[in-house]
Amino acid sequence: MRTTLRRDLTAALKARDRVAVSALRSALAAIDNAEAVPAPDSPTSDAEHVAGAVVGVGAAEAARRELTADDLHAIVAAEVAERVDAATGYTRSGRAEAADRLQAEADVLRRYLRPE
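Quick caveat: nothing in here was measured; it's all calculated off a predicted structure.

Calculation rules
- Residues numbered from 1 in each chain as written.
- Predicted model: local features only at pLDDT ≥ 70, side-chain atom pairs only at ≥ 80, totals over all residues.
- Heavy atoms only, no water.
- Helix = DSSP H or I, 4+ residues; strand = E, 2+ residues; numbered from the N terminus.
- Buried < 20%, exposed > 50% of the residue type's maximum accessible area, 1.4 Å probe, protein only.
- Core = buried A, V, L, I, M, F, W, Y, C linked by side-chain atoms within 4.5 Å.
- Contact = heavy atoms within 4.5 Å.
- Salt bridge = Lys/Arg side-chain N within 4 Å of Asp/Glu carboxyl O.

### Points about the environment of Ala 86
Consideration 1: Within the secondary structure, Ala 86 sits in helix α3 (residues 69-92).
Consideration 2: The exposure class assigned to Ala 86 is partly exposed, which follows from its relative accessible area of 31%.
Consideration 3: For the pair Ala 86 and Gln 103, spaced 17 residues apart in sequence, the C-alpha separation works out to 9.0 Å.

### With respect to the nonpolar core
Consideration 1: Counting residues in hydrophobic clusters, the biggest one holds 20 residues, and the most contacted among them are Leu 5, Leu 24, Ile 31 and Leu 109.
Consideration 2: Where this core is concerned, the elements lending two or more residues are α1 (2-15), α2 (18-35), α3 and α4 (96-110).
Consideration 3: Sorting elements by how many residues they give to this core places α2 first, with 8 residues.
Consideration 4: The residues contacting Leu 5, other than those within four sequence positions of it, are Leu 24, Leu 28, Ile 31 and Tyr 112.

### Observations regarding the pattern of salt bridges
Where charged atoms from two side chains of opposite charge come close, those side chains can pair.
Consideration 1: Under the definition given, this model contains 8 salt bridges.
Consideration 2: Across the pair Glu 105 and Arg 83 runs a salt bridge whose closest N-O atoms are separated by 2.8 Å. On the criterion of sequence distance, the pair formed by Glu 105 in helix α4 and Arg 83 in helix α3 is long-range, its members being 22 residues apart.
Consideration 3: Overall, Glu 105 belongs to the buried group, its relative accessible area being 5%.
Consideration 4: Under the relative-accessibility criterion, Arg 83 is labelled buried at 6%.
Consideration 5: A salt bridge links Arg 101 to Glu 105, with the shortest nitrogen-to-oxygen separation between them at 3.6 Å. Linking Arg 101 with Glu 105, this pair stays in helix α4, spanning 4 residues, or about one helical turn.

Spelled out as C-alpha cells, the structure:
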C-alpha cells in the first residue's frame, strides 16, 4: 500500500492536485509515525552544551517497526475517519468550503481501503 501511496503522490504532485497531495502526504506521514519506536534509555553525555545528548556510534539510529497490511489499512481508515469527523464539525460551524475540502481528501484516501 505504501508503494501505491507514494506513486500516487508523485502523480498528484505532477498533476498539481492539491487535495490529493495533502491527503496522501498526511497518510504517508501517519504511516511513518506508526513505524517509529520509542527511544531506548541510553547513556547520555555529561556535556554542558548539549543536555541529554546521546553518546556512541549510531546512537541516533533506531530500527523501525514492521507494519502489516492490516496495520496500514487501519492507519488509512483512521485518516479517513479523522477527516470525516472534522468535516462534520466544519459543516456545523458554517464553514462549507473547509468541510468540502476535507470530504474530498477523505474520498481520495477511501480508494486505498477498497480490496484490490
